[in-house]
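# Fold and contact review
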Amino acid sequence: MYRRKAKGWYKHIDFIILDIICLELSFLIAYVIRHGAVNPYHFQLYRSAAIVLGFIDFVLLFVCNTCKNVLKRGMLQELYTTVKHDVYVILAFTLYLFAVQNAQPFSRTVLFLCAAFYMPISYVTRLIMKGAVNKMRRSGEKPALLIVSTSDAIYETLKTMGDTYYQLYTVRGIVILDKDMIGKQIKGIPVVASESTVIEYVCRGWVDELFMACPHNYKTRRELVAQFVDMGIVVHENLFENKELFLNRQMVEHMGGYTVLTTTLNYASGRDLFLKRLIDICGGIVGCIITGILFVILAPLIYIQSPGPIFFAQERVGKNGKRFKIYKFRSMYLDAEERKQELMEQNRVEDGMMFKLEFDPRIIGCKKRADGTIKKGVGNYIRDWSLDEFPQFFNVLKGDMSIVGTRPPTMDEWGKYEIHHRARLATKPGITGMWQVSGRSDITDFEEVVALDTKYINDWSIGLDIKIMFKTVLVVLHREGAM
């Protein structure tokens, strides 16, 4: 019976429980030092505080994924993670006290002392726990592994596996299927069987698991795997051999009656997607409220200089080619789309994959003076401060867009895309993104835009989205790259 490795937050449930215990112990010590009593749970205020602290700690451990790679972190990285988590817990608890208006009777000394004790206690406890777990792994009985390959593939197999088989398994030996190399050694590992003797060896020897690393088209591969499984041996197979795809994310999944190897630019867990959508909904609500306020201010200014609709709707291409209507405050005259073809020769983006002008007469109030200087109008100021983008928060609430993503192309831009350009549509389009915080209209090479968007998709995380949102505020305030 094969024990499948745990995944998700419960993989480190021992560290999660231990961390909550450390926090509650710190709270108890802080209370005893401040009040001299040994039972803080006698009072409703502190009893509730202890429960809320434990809940906050659990939620942040889950949301921030604090325990991810906990066994691989060094001492300095562990210290940084512990301090950061400690700060988050105390800030969240302070916000709770403020929200329920219990900050006044609650002792600030208890709060500060709790934070002061929690950090070293949690840090030291994690180090001790990690040492104990690693020691158990080293001293515990490891599964006996047999590596089955061919004379041509075995060296690459051992190189690819690296130190994995030493850390997780006791390697019983190597089986070379296409040659009789019994008695020889390959990188210090004995060759124990050939194709004709491997069944007998496995039947009579100690083998818990077997790694089948021979080519997929090897003549007896399927037959051997079937016999090993029938013998109760756990068989691991290399599902894919295309090294060009190793840089992508791969995972084994079930699709109908098939077990498939899924390859993608990147993937997100259900937790990450939930958090991203939660951020979008909260941000979308706030953005729509701000849009309503801006409407009261901008609508008269737009209508006086260019009578017509206040909002501008345009069909764009979203995730994986899905079409949707994007909404903006209108910053151009009503005939802007018709005049676009006349101005195409002045496009700053040479390949025509985007449309950017140094002087755009379609913008409301924008004029070129006799001396060649440009007089900005209300449309320019709307664009400079990115006020035209705010109605897109409605698109975010609808789910067509995200706050952070890639710039959605227009239909004519989409028609010019080459194959590799489509990669930037692998995620939802966003109001802001890597391109917007890296120069916006100052970037005139579309390939650079594609590279930035692809990098965003490959490196995506909730932390990266938050970083881009903060950088967007700074870019808009400084009006960098705006046009």
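Our structure's up above, just so we're on the same page.
A brief look at the structure comes next. Owing to the predicted nature of the structure, the values given are computational and were not obtained by experimental measurement.

## Here's the deal with the overall build of the protein
Helices and strands together make up the secondary structure of the protein, namely 15 helices and 14 strands. Within the protein, contacts between residues separated by at least 24 positions form 66% of all contacts whose residues are at least 6 apart in sequence. When the accessible surface of the protein is totalled, it reaches about 27100 Å², and 61% of it is carbon and sulfur.

## Quick look at a nonpolar patch on the surface
On the surface, Ile281, Ile285, Ile289, Ile293, Phe295, Val296, Ile297, Leu301, Phe311 and Leu397 cluster together into a nonpolar patch covering about 880 Å² of accessible area. Sorting elements by how many residues they give to the nonpolar patch places helix 9 (residues 270–305) first, with eight residues. Note on placement: phenylalanine 295 falls in helix 9.

## A short note on the packing of helix 1 (residues 13–35) against helix 2 (residues 44–63)
Between two packed helices, the angle of one axis relative to the other and the distance separating the axes together describe the packing. Across the interface, helix 1 lies against helix 2 with an axial gap of 10 Å and an inter-helix angle of 150 degrees. In this view, helix 1 runs roughly antiparallel relative to helix 2, as classed from their interaxial angle. Considering only the axes of helix 1 and helix 2, their crossing is right-handed. Of the residues in helix 2, those in contact with Ile16, Asp19, Ile20, Leu23, Glu24, Phe27, Tyr31 and His35 of helix 1 are Tyr46, Ala49, Ala50, Leu53, Gly54, Asp57, Phe58 and Leu61. Looking at side-chain class alone, the contact of helix 1 with helix 2 contains eleven nonpolar, two polar and three charged residues.

## What about the packing of aromatic side chains?
Scanning all chains against the criterion turns up nine aromatic pairs. Plain terms: the ring middles of phenylalanine 311 and phenylalanine 329 are 5.2 Å apart, the flat faces sit at 20 degrees to each other, and that makes the pair stacked. With phenylalanine 311 in strand 9 (residues 311–317) and phenylalanine 329 in strand 10 (residues 323–329), this residue pair connects regions lying 18 residues apart in the sequence. Residue class for phenylalanine 311 comes out partly exposed when judged on its relative accessible area of 37%. Taken together, the aromatic side chains of Phe27, Tyr31 and Tyr46 make up a single cluster linked through ring pairs. Note that arginine 407 overlies the ring of tryptophan 435, its terminal NZ or CZ placed 5.9 Å from the centroid.

## Some points on the pattern of salt bridges
Following the criterion strictly, the structure yields eleven salt bridges and no others. Its salt-bridge partner being aspartate 384, residue lysine 376 comes within 2.7 Å of it at the nearest N-O pair. For lysine 376, a relative accessible area of 38% corresponds to the partly exposed category. Using a relative accessible area of 5% as the deciding quantity, one classes aspartate 384 as buried. The salt bridge partner of aspartate 400 is lysine 398, with a shortest N-O separation of 3.4 Å. Accessibility expressed as a relative area gives 46% for lysine 398, which makes it partly exposed. Each of the salt bridges in this network shares a partner with another, and the network as a whole consists of Asp19, Arg73, Glu78, Arg126 and Lys130.

## Regarding helix 15 (residues 462–478)
Relative to the 24 Å expected for 17 residues at 1.5 Å per residue, helix 15 spans 25 Å between its end C-alpha atoms, a close match to the ideal helical length. Residues Ile462, Leu464, Asp465, Ile468, Thr472, Val475 and Val476 constitute the buried set of helix 15. Projection of helix 15 onto a plane perpendicular to its axis shows the buried side chains occupying an angular sector of 145 degrees, all on one side. Facing away from the buried side of helix 15 by over 90 degrees, the exposed positions are Lys467, Phe470, Leu474, Leu477 and His478. Against helix 9, helix 11 (378–384), strand 13 (402–404), strand 14 (430–432) and helix 14 (446–458) lie the buried residues of helix 15.

## Digging into the pairing of strand 5 (residues 209–212)
Of the two faces of strand 5, the one lined by Glu209 and Phe211 and the one lined by Leu210 and Met212 are each fully buried. Where strand 1 (residues 144–149) lies against strand 5, four bridges are found, and the strand directions are parallel. Considered in strand 5, the bridge of leucine 145 is made with glutamate 209. Inspection of the sheet shows strand 5 paired to strand 6 (residues 234–237) by four bridges, in the parallel sense. Note on strand 6: the bridge partner recorded for glutamate 209 is valine 234.

## Looking at the sheet that holds strand 6
Strand pairs in the sheet, formed through backbone hydrogen bonds, run parallel or antiparallel to each other. Taken in spatial order, the six strands line up as 3-4-2-1-5-6 in an open sheet, and their pairing is mixed. The sheet is open, and its two borders are formed by strand 3 (185–186) and strand 6, each paired with just one other strand. On top of the sheet, helix 5 (residues 154–161) reaches strand 1, strand 2 (170–176), strand 3, strand 4 (189–193) and strand 5; it is set at about 140 degrees to strand 1, its chief contact. Taken strand by strand, helix 8 (residues 221–230) contacts strand 5 and strand 6, and its axis lies near 150 degrees from that of strand 6.

## Describing the packing of helix 2 against helix 3 (residues 75–99)
In the contact formed by helix 2 and helix 3, the axes pass within 10 Å of each other and the chain directions differ by 135 degrees. Taken together, helix 2 and helix 3 sit at an angle that is classed as oblique. As helix 2 runs across helix 3, the sense of the crossing is right-handed. On helix 3, the residues touching Ser48, Ala49, Val52, Leu53, Ile56, Asp57, Leu60 and Leu61 of helix 2 are His85, Tyr88, Val89, Ala92, Phe93 and Tyr96. Of the residues belonging to the contact of helix 2 with helix 3, the class tally is eleven nonpolar, two polar and one charged.

## Structural notes on the nonpolar core
In terms of nonpolar packing, the biggest core is built from 23 residues, with Phe27, Leu53, Val89, Phe93 and Phe106 touching the most fellow members. Breaking this core down by element, the ones donating at least two residues are helix 1, helix 2, helix 3 and helix 4 (108–139). Here this core gets seven residues from one element, more than from any other, and that element is helix 2. In this view, phenylalanine 27 contacts Pro40, Tyr46, Ala49, Ala50, Leu53, Phe106, Val110 and Cys114; residues no more than four positions away in its chain are not counted. One finds Leu275, Val396, Val404 and Ile431 within the second-largest nonpolar core, a separate group that totals 19 residues.

Calculation rules
Throughout, a residue's number is its position along its own chain's written sequence, starting from 1. Where local features are concerned, this predicted model is filtered to residues with pLDDT of at least 70; where side-chain atom pairs are given and counted, the filter is 80 or more; whole-chain, interface and lining totals use all residues. The basis for the side-chain values is all heavy atoms of the structure; hydrogens and waters are excluded. Helix numbering and strand numbering both begin at the N terminus, where a helix is a DSSP run of H or I of at least 4 residues and a strand a DSSP run of E of at least 2. Note on contacts: a residue pair is in contact if any heavy atoms of the two residues lie within 4.5 Å. Note on areas: these come from Shrake-Rupley sampling with a 1.4 Å probe, and a residue is covered only by the protein chains present in the view. Residues forming no salt bridge and having over 30% relative accessible area are the ones grouped into patches, like charges within 9 Å of each other and nonpolar side chains (Val, Leu, Ile, Met, Phe, Trp, Tyr) within 5 Å. Here, a salt bridge means any side-chain nitrogen of Lys or Arg that lies within 4 Å of a carboxyl oxygen of Asp or Glu. Axis lines are fitted to C-alpha atoms, over the contacting stretch for helices. Their N-to-C directions set the angle, which ranges from 0 to 180 degrees. Should an angle fall under 35 degrees it is taken as roughly parallel, and over 145 as roughly antiparallel, whereas 65 to 115 is taken as roughly perpendicular and any remaining angle as oblique. Crossing handedness: left-handed means the near helix sits turned counterclockwise from the far one by under a right angle, and right-handed means the same turn made clockwise. When residue character is reported, Ala, Val, Leu, Ile, Met, Phe, Trp, Tyr, Cys and Pro are called nonpolar, Asp, Glu, Lys and Arg charged, and the others, Gly included, polar. Centres within 6.5 Å are what make two rings of Phe, Tyr or Trp a pair, Trp counting through its six-membered ring; a difference in plane orientation under 30 degrees is then read as stacked, over 60 as edge-to-face, and the rest as tilted. Burial classification: accessible surface area is computed with a 1.4 Å probe over protein chains only, and a residue below 20% of its type maximum counts as buried, one above 50% as exposed, and the rest as partly exposed. Here, a charge over a ring means that NZ of Lys or CZ of Arg falls within 6 Å of the ring centre while also lying within 35 degrees of the ring normal. To estimate how far a helix should reach, multiply one less than its number of residues by 1.5 Å. Throughout, the arc means the angular range of directions from the helix axis out to the C-beta atoms. Between any two strands, at least two bridges found by DSSP are needed for them to pair. Among buried residues, those of type Ala, Val, Leu, Ile, Met, Phe, Trp, Tyr and Cys that are joined through side-chain atoms within 4.5 Å constitute a nonpolar core.

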